[in-house]
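Structural overview for review
This is what each chain is made of:
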Amino acid sequence: MRVKQKTVGSDRQIMSHKSLWHRMKARWQLYMLLALPVTFIILFHYVPMGGLVLAFKKYDISKGIFGSPWVGFQNFIKFFNSYKFTEVLKNTLTISIYSLLASFPLPIIFALLINAFPGKKYKKIIQTTTYIPHFISTVVMVGIVLQLLNSRIGIYGQLYSLLMKEPATDIIGKGTMFKHIYVWSGIWQSTGYNAIIYIAALSNVDQDLHEAAKIDGASRFQRVLYIDLMTVLPTATIMLILAAGGIMNVGFEKVLLLQNDLNIGYSEVISTYVYKIGLARGMGDFSLSTAIGMFNSVVNFTMLVIVNFISKRLNGSGIF
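Residues numbered from 1 in each chain as written. Predicted model: local features only at pLDDT ≥ 70, side-chain atom pairs only at ≥ 80, totals over all residues. Heavy atoms only, no water.

Section: the confidence of the model for the protein
On average, the protein scores 84 in pLDDT, and the residues at 70 or more come to 93%. In this model residues 1–6 is a low-confidence stretch, pLDDT under 50, and it forms zero contacts with partners more than four residues away in sequence or in other chains. (pLDDT = per-residue confidence, 0-100. Contact = heavy atoms within 4.5 Å.)

This is the structure we're talking about:
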């Protein structure tokens, strides 16, 4: 009897492999299209993971990554004991959490407003106008921000001098203003584009629900609150989980371009610190920079798992 069961099981495995091969053969064009992005991910996301061993070694360029001496957790301890550790961790978390709290709900609100807007023509104009800033490069966007907030020749400086009858203060060099400039310029650039996914979700709302709610006497606000918002809630949950998984990934390019000697104490984050330790300052401490980057990734992964677990316990939605 056991022999028959094993034979049946092996036959099923063979049939499943054959059916999988036949399905792949029948849809070979799709797999050819998939081959390029999969190859890209493997080469540039998985293969470089082998270099993480550098975080546990004292890198010697003459010996290579795997020939360099093993030092264990010495690089991590060096980072944790550094006077910069508290500063960069505080700045990273402050900017990340502030950005998440300020920018996450706005695309949802904007999508609900756009969906409730009566005129289709004006709706398209507003939507197009708001997501165009997303396609402005980071360098150009930072240049615009610096020009607008210039204390002498910018709009801010001119208006301040006109109204206050005195020279404007340099808010770009004011450290406490850095997080506000970073976050709200990002909101201006990304809100319209981030709302697209919620607008797409709202397009699937069954209009019969709205008609039934109208008959029951529900106001427009109540229909938005109990029908439209509930529709985008699963999508918003997934986006929140993904955002929490990147909570330590403050935009490197934008922060670096907005940095100056006056605001460095408030703008130095982990990504810019890794860059300066590994390349910019001539230190070439690749082992330490790898250890810092690995610490950053571990925190992100931990946050992703925690938020996903909480989300699944609360409403059953999660990414895994």
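Next comes the rest of the account.
Section: the pattern of salt bridges
Evaluated as defined, the whole model comprises three salt bridges. As a salt-bridge pair, Lys 84 and Glu 87 come within 3.0 Å of each other at their nearest N and O atoms. Residue Lys 84 and its partner Glu 87 are both found in helix α5 (residues 83–103); the two are separated by three residues, about one turn of the helix. Owing to a relative accessible area of 23%, Glu 87 belongs among the partly exposed residues under this scheme. We note a salt bridge from Lys 276 to Glu 268, for which the minimum N-O separation is 3.2 Å. The pair formed by Lys 276 and Glu 268 is uniform in burial state, with each residue classed as buried. (Salt bridge = Lys/Arg side-chain N within 4 Å of Asp/Glu carboxyl O. Helix = DSSP H or I, 4+ residues; strand = E, 2+ residues; numbered from the N terminus. Buried < 20%, exposed > 50% of the residue type's maximum accessible area, 1.4 Å probe, protein only.)

Side note on the environment of Gly 246
Mapped onto the fold, Gly 246 is located in the loop between α13 (220–245) and α14 (252–258). Classification of Gly 246 as partly exposed rests on a relative accessible area of 24%. Gly 246 sits 31 residues away from Ile 215 along the chain, and the two C-alpha atoms are 44 Å apart.

Points about helix α12 (residues 207–215)
The N-terminus of α12 is capped by Asp 206, whose side-chain oxygen sits 3.1 Å from the backbone nitrogen of Asp 208. Gly 217, located one to two residues past α12, shows a positive phi value of around 90°. (Polar contact = N/O pair within 3.5 Å; in protein donor to acceptor, adjacent residues only side chain to side chain.)

Some points on the layout of surface pockets
What the largest pocket holds in volume is close to 820 Å³. Taken together, 27 residues form the lining of the largest pocket, with Ser 99, Ser 103, Gly 186, Ser 190 and Asn 194 sitting closest to its centre. Every element with two or more residues in the lining of the largest pocket is listed here: α5, α8 (138–148), α10 (178–194) and α13. For the lining of the largest pocket, the element with the highest residue contribution is α10, accounting for seven residues. Split by residue class, the lining of the largest pocket holds 14 nonpolar, twelve polar and one charged. Reported here for the second largest pocket is a volume of approximately 400 Å³. Broken down by element, the residue count for the lining of the second largest pocket peaks at six residues, all from helix α17 (residues 286–315). (1 Å grid on protein atoms, 1.4 Å probe; cavity = no way out; pocket = protein on both sides within 12 Å on 5 of 7 lines; lining within 4 Å. Points joined across faces, edges and corners; volume = space filled by probe spheres on them. Nonpolar A, V, L, I, M, F, W, Y, C, P; charged D, E, K, R; others polar.)

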